[in-house]
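Structure at a glance
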Amino acid sequence: DINHQEADWVSIHERICQLLIPIHASLPFVSSEKERKHGMEQLLNRQKYIMDVAQSTARRFILAGEPGKAIPAGLQALRFSVRVHGASSVHVVPAYLLLAEACMDAGYLTQATTYLSQAQWLVLKSPSCSLAVQHKLHQDLGLLHAAKGDLEQSLHHLANDVYLATCAFGPGALQTAGGYFQMAQIFLRQNKTDVANSLFAEVAIWHAFLLKSVQTREQVLEAQAEASPFDEDGDISEEPLTEAQQTEAIQALNTILDFREKAPKQQPDETAKVLHSLAMLYYLAGDLSKAREMGAKALDLVKQLPQQEPLEAIDHLLKVIDSKP
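About the cut-offs
Residues numbered from 1 in each chain as written. Predicted model: local features only at pLDDT ≥ 70, side-chain atom pairs only at ≥ 80, totals over all residues. Heavy atoms only, no water. Salt bridge = Lys/Arg side-chain N within 4 Å of Asp/Glu carboxyl O. Helix = DSSP H or I, 4+ residues; strand = E, 2+ residues; numbered from the N terminus. Buried < 20%, exposed > 50% of the residue type's maximum accessible area, 1.4 Å probe, protein only. Axes fitted to C-alpha atoms, helices over the stretch in contact; angles between N-to-C directions. Parallel < 35°, antiparallel > 145°, perpendicular 65-115°, else oblique. Left-handed = near helix turned anticlockwise from the far one by under 90°. Contact = heavy atoms within 4.5 Å. Phe/Tyr/Trp six-rings, centres within 6.5 Å; stacked < 30°, edge-to-face > 60°. Lys NZ or Arg CZ within 6 Å of the ring centre and 35° of its normal.

Per an unreviewed UniProt entry, the recorded name for the protein is Zinc finger MYND domain-containing protein 12, and the organism is Tinamus guttatus.

Take a look at the structure:
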């Protein structure tokens, strides 16, 4: 239909239209093997570039809550991923997962099932498939079964997701937090609030990570302020959160905050930790008014607790936020 074609164009074609021209043109006649090789390399590089542009475009539309626009971009990403890697390569799996996520968000569960089945088949055929890809596959399968209402099957896949993420990145890594959070959501749907509560506590992985990130940000800013124009590099590197990680963390931590604030049995220490995490996250994302609001709430809560260990860290963060223009 016309709407779909328009979405397709807006989503991806206008970004890659010019790039497609040399790819669709046939390779010019070349006299030497060296020239032929060079032509093939250039073609491959163009295809890889289009694949990356399509993937990042699809990811951006998913994050913006526009899955309908993400689907055409995802289809282009899959098409060029197949051209670059071959249809039976495990390297095509991320493109299938991206498309499945867009379809799930748009409510097209049948298409999402097809793409995930294809991804699962490629992973099963590839014993050398990375744990990082396997963890993402199981997370998406968990979300698909949750969307279909098959909660037991969903929990099975999400438990695999947490296990694989722990093996790949370590128990304290952010990648494991997503699985814990999704499992907690399922247990809430089953009215198992105690289990959900303990899994939400595991998502506090974010708190330790954000404390470290804020420290690094301050060191970077100090180093920049003191740097002489003649300094050689010896600077501290900051690994900023990706847009996807920021979006995921803000959604997850706000959901947990809502759960904690409405719980019949209050746990002010845990609530304060979530508020502090959100304050740090908004500060790193550059939303200073939100950061100040969450930080002030966290400080008020901590002052009422017998143990006030995080008081200093929260107080310091608020001073840093207030010092910003």
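1. Looking at the pattern of salt bridges
According to the stated counting rule, one finds eight salt bridges in the structure shown. Lysine 136 is the partner of glutamate 101 in a salt bridge, and the nearest nitrogen-oxygen pair spans 3.3 Å. Here the residue glutamate 101 occupies a position in helix 4 (residues 93–106), and lysine 136 occupies one in helix 6 (residues 131–148), the gap between them amounting to 35 residues. Take glutamate 101: its relative accessible area is 10%, and that puts it in the buried class. Residues joined in a network through salt bridges with shared partners are Arg59, Glu101, Lys136 and Asp140.

2. Considering the packing of helix 8 (residues 174–189) against helix 9 (residues 193–202)
Between helix 8 and helix 9, whose axes approach to 8 Å, the crossing angle comes to 165°. Judged by the inter-axis angle, helix 8 sits roughly antiparallel to helix 9. By crossing handedness, the relation of helix 8 to helix 9 is classed as left-handed. Contact with helix 8, carried on its side by Tyr180, Phe181, Met183, Ala184, Gln185, Phe187 and Leu188, involves Thr193, Val195, Ala196, Leu199, Phe200 and Glu202 of helix 9 and no other residues of that element.

3. Notes on the packing of aromatic side chains
The full count for this structure, using the stated rule, is four aromatic pairs. Ring geometry for tryptophan 206 against phenylalanine 209: centres 6.0 Å apart, planes inclined by 90°, an arrangement best described as edge-to-face. A residue pair is termed a helical-turn pair when its members lie 3 or 4 positions apart in one helix, as tryptophan 206 and phenylalanine 209 do in helix 10 (residues 205–226) at three residues. Judged by relative accessible area, tryptophan 206 falls into the buried class, the value being 4%. Under the relative-accessibility criterion, phenylalanine 209 is labelled partly exposed at 26%. Taken together, the aromatic side chains of Phe181, Phe200 and Phe259 make up a single cluster linked through ring pairs. Lying across the ring of tyrosine 283, arginine 217 places its NZ or CZ 6.0 Å from the centre.

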